[in-house]
Amino acid sequence: MSTPWQRRVTSRPLVTEALVLVLLSALALFGVLLSFWVMPGPPPLWPGIALAVLACAVLPRRHGHPLAVLAVTTLCMTGVAALGHLVTAMTMSPLMAAQYSVSLRTERRAAWYSALVVTAVLVVSGLFHSELRHQWLLGLVNPAAWVPLSAALGGYVRVRRAYAAARTEHLAREREEEARHRVVQERMRIARELHDVVAHHLALANAQAGTATHLARTDPDRAYEILGQLSGTTSAALRELKATVGLLRQDTDLDDELAPAPGLARLPDLVAACAAARLEVTVTEEGRPRPLAPGLDLTAYRIVQEALTNVTKHAATSTARVRLAYTPRFLTLTVTDDAPAPPAPRPGPGPAPGHGFGLLGMRERALAAGGTFHAGPRPEGGFEVACTLPLHGHDESTAP
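Here the residue index of a chain counts from 1 through its sequence in written order. Local features in a predicted model are, by the rule used here, given only for residues with pLDDT of at least 70; side-chain atom pairs are given and counted only at 80 or more, and totals for whole chains, interfaces and linings are based on all residues. The basis for every side-chain value is the complete set of heavy atoms in the structure, and neither hydrogens nor water enter the calculation.

**Here we look at the overall build of the chain**
- Of the regular secondary structure elements, the chain holds 12 helices and 5 strands.
- Residue exposure (1.4 Å probe, protein chains only): buried if accessible area is under 20% of the type maximum, exposed if over 50%, otherwise partly exposed. Per-residue burial over the chain gives 40% buried out of 400 residues.
- What makes two residues a contact is simply this: any of their non-hydrogen atoms within 4.5 Å. For the chain, long-range pairs separated by at least 24 residues make up 71% of all intrachain contacts whose partners lie at least 6 apart in sequence.
- Methods summary: accessible areas were calculated by the Shrake-Rupley approach with a probe of 1.4 Å, and residue burial reflects only the protein chains presented. Counting only carbon and sulfur atoms, one obtains 64% of the accessible surface of the chain, whose full area is about 22700 Å². Helix and strand labels come from DSSP, where a helix needs a run of H or I of at least four residues and a strand needs a run of E of at least two; each type is numbered from the N terminus.

What follows is the structure in structure tokens.
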């Protein structure tokens, strides 16, 4: 059955039931009439028609009482055979429908036991009929074949429906697992954002406060200027925290209160904030700059921000260089400093004390965007962070 017909049958159950009952009644009555026409010494017509009508009349109750309906239709077909009518597939159509309903709505063992009992009753009734005894193909083999066939068809449909229900439940569980997985991934992304925001701004604020304390006696004006910049640093941190934590709000909250995600266009602000912490950053661009997708733009900015934060916290230098190299297919970010690299941490299950998760977070961001990442001491001295991000062939809008 095609899908449109299945939808029509499902959407109109009463009409479908009425059509099925009319078709079964027509088949049963035609089977009785055919037997009346072809049998020698015609069997009684009206009693046969009455039994066929009675067998069809109880069929509407087969959904709620399948075994009782099967018993009534079996008795009716036995009576039709006892009157001398041929028990053909058309005559047995009400009985076959009842047996199908039993196999569809009862346990497998009960369905097959009922099918065996019905088959035995019809065969025995045919054996005691003198005229049907010589026509063994119609009187014995015919009921012995059609009744088990109806039971098998009902069992097959019942198994298919159970399989479809189990598959639907399995797909629903898979969708729930996928939704939970996405929620976990989103929480991890927000956690990385919070780490980057807090680490960067707190490192700058700490450096600015230390610088202001150092200059408080020798250069008070400069110290006051740095303290003013410290207020701007903390305000920027609060704005980014509000934007990041705002992702956890309910859907009914206003979205226009959330600040847009930062990108490479905010590198001048980042350089100015580092300058306030006495870290001079030089930015150079190679190639033709191009607009980046929001996800890739955020990834590039966060990697540069985290690398400069590490320079501020760990490197004994006051200068750093940021290089942006654009090619038709890739964007290469390089952040270097001239200070001696810190001692290599000892191997262990997690990051070394004081080193946090900065390098790990940058690596995860680069790999999630489909790029490569490298960080380590330079042969000529200092430390270098380099990553290559693809500009094509990746769904950049989903990058963290």
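Additional details are given in the paragraphs that follow.
**Points about the packing of aromatic side chains**
- Working definition: rings of Phe, Tyr and Trp (its six-membered ring) pair if their centres are within 6.5 Å, and the pair is stacked with planes under 30 degrees apart, edge-to-face with planes over 60 apart, and tilted otherwise. If you walk through the whole model with that rule in mind, you get 1 aromatic pair.
- With a centroid separation of 6.5 Å and 85° between ring planes, the pair formed by Phe30 and Trp37 is classed as edge-to-face.
- When its relative accessible area of 39% is taken as the criterion, Phe30 is described as partly exposed.
- On the basis of relative accessibility, which here comes to 57%, the residue Trp37 falls in the exposed class.

**Notes on the packing of helix α4 (residues 66-82) against helix α5 (residues 93-105)**
- Only C-alpha atoms enter the line fits that serve as axes; for helices the fit covers just the stretch in contact. Angles between N-to-C directions range over 0 to 180 degrees. Packing of α4 against α5 leaves a shortest axis separation of 9 Å and a crossing angle of 155°. Between α4 and α5, the angle is such that the two are roughly antiparallel. Between α4 and α5 lies a crossing of left-handed hand. Seen from α4, the contacting residues are Pro66, Leu67, Val69, Leu70, Thr73, Thr74 and Met77; seen from α5, they are Pro94, Leu95, Ala98, Gln99, Ser101 and Val102.
- Its residues placed into classes, the contact of α4 with α5 shows 9 nonpolar, 4 polar and no charged. The cut-offs work like this: below 35 degrees is roughly parallel, past 145 is roughly antiparallel, 65 to 115 is roughly perpendicular, and the gaps in between are oblique. The hand of a helix crossing depends on one turn: near helix anticlockwise from the far one by less than a right angle means left-handed, and clockwise means right-handed. Residues are grouped as follows: nonpolar covers Ala, Val, Leu, Ile, Met, Phe, Trp, Tyr, Cys and Pro; charged covers Asp, Glu, Lys and Arg; every other residue, Gly included, is treated as polar.

**Section: the nonpolar core**
- Counting 38 residues, the largest nonpolar core has Leu264, Val281, Leu308, Leu331, Leu333 and Leu389 as the members making the most contacts within it.
- Elements with a minimum of two residues in this core: α8 (136-215), α10 (267-276), α11 (294-314), β2 (319-326), β3 (330-337), α12 (358-368) and β5 (383-390).
- Ranked by the residues each element gives to this core, the list is headed by α11, at 8 residues.
- Look past the residues within four positions of Leu333 in its chain and what remains in contact with it is Ala300, Val304, Arg323, Leu324, Val385, Ala386, Cys387 and Leu389.
- The nonpolar core is taken to be a set of buried Ala, Val, Leu, Ile, Met, Phe, Trp, Tyr and Cys residues, with the residues joined through side-chain atoms within 4.5 Å. If you look at the next biggest cluster of nonpolar residues, it comprises 24 residues, including Met77, Val80, Leu95 and Ala151.

**Regarding the pairing of strand β1 (residues 280-286)**
- Pairing of β1 with β2, which is carried by 7 bridges, proceeds in the parallel orientation. Among the inter-strand pairings, Val283 is bridged to a residue of β2, identified as Val322.
- Between the parallel elements β1 and β2, the chain passes through α11 in a crossover that is left-handed. Paired strands, as defined in this entry, are two strands with at least two bridges between them according to DSSP. For the handedness criterion, the strands are oriented away from the viewer, and a crossover whose path from the first strand over the helix to the second runs clockwise is classed as right-handed.

**Quick notes on the pattern of salt bridges**
- The salt bridge criterion pairs a side-chain nitrogen of Lys or Arg with a carboxyl oxygen of Asp or Glu, the two atoms within 4 Å. According to the stated counting rule, one finds 3 salt bridges in the structure shown.
- Note that Glu169 is salt-bridged to Arg173, the shortest N-O span being 3.2 Å. Residue Glu169 and its partner Arg173 are both found in helix α8; the two are separated by 4 residues, about one turn of the helix.
- Judged by relative accessible area, Glu169 falls into the partly exposed class, the value being 48%.
- Under the relative-accessibility criterion, Arg173 is labelled partly exposed at 42%.

**Some points on α10**
- By the burial criterion, the buried members of α10 are Leu267, Leu270, Val271, Ala273, Cys274 and Ala276.
- Of the residues trailing α10, Arg278 is marked for its positive phi of about 65°.

**Quick notes on the side chain of Arg62**
- Within the secondary structure, Arg62 is located in the loop between α3 (45-57) and α4.
- The definition of a polar contact used here is a pair of N or O atoms within 3.5 Å, where within protein one atom must be able to donate a hydrogen and the other to accept one, and adjacent residues in sequence count solely through side-chain atom pairs. Polar contacts involving the side chain of Arg62 include one to the side chain of Ser101, which spans 3.3 Å.
- Sequence-distant contacts of Arg62, defined by excluding residues within four places in its chain, comprise Glu17, Val20, Leu21, Val69, Ala97, Ser101 and Arg105.

**Observations concerning the sheet that holds β5**
- With respect to topology, 5 strands assemble into an open sheet ordered β1-β2-β3-β5-β4, the strand pairing being mixed. One side of each edge strand has no neighbouring strand; the edge strands of this open sheet are β1 and β4 (372-377). Strand-to-strand, the axes of this sheet are offset by a mean angle of 10°, without reference to chain direction.
- Contacting β1 and β2, α10 crosses the sheet at an angle of about 155° to β1.
- α12 contacts β4 and β5 of the sheet and is inclined by roughly 155° relative to β4.

**A few points about α4**
- Multiplying 1.5 Å by the residue count of a helix minus one yields the expected span of that helix. Helix length check: α4, at 17 residues, gives a terminal C-alpha distance of 24 Å against a target of 24 Å (1.5 Å per residue), a fit within 8%.
- Taken together, the buried positions of α4 are occupied by Pro66, Val69, Leu70, Thr73, Thr74, Cys76, Met77, Thr78, Val80 and Ala81.
- Immediately downstream of α4, the backbone of Gly84 shows phi near 105°, a positive value.

Taken by themselves, the reported measurements are silent on function.
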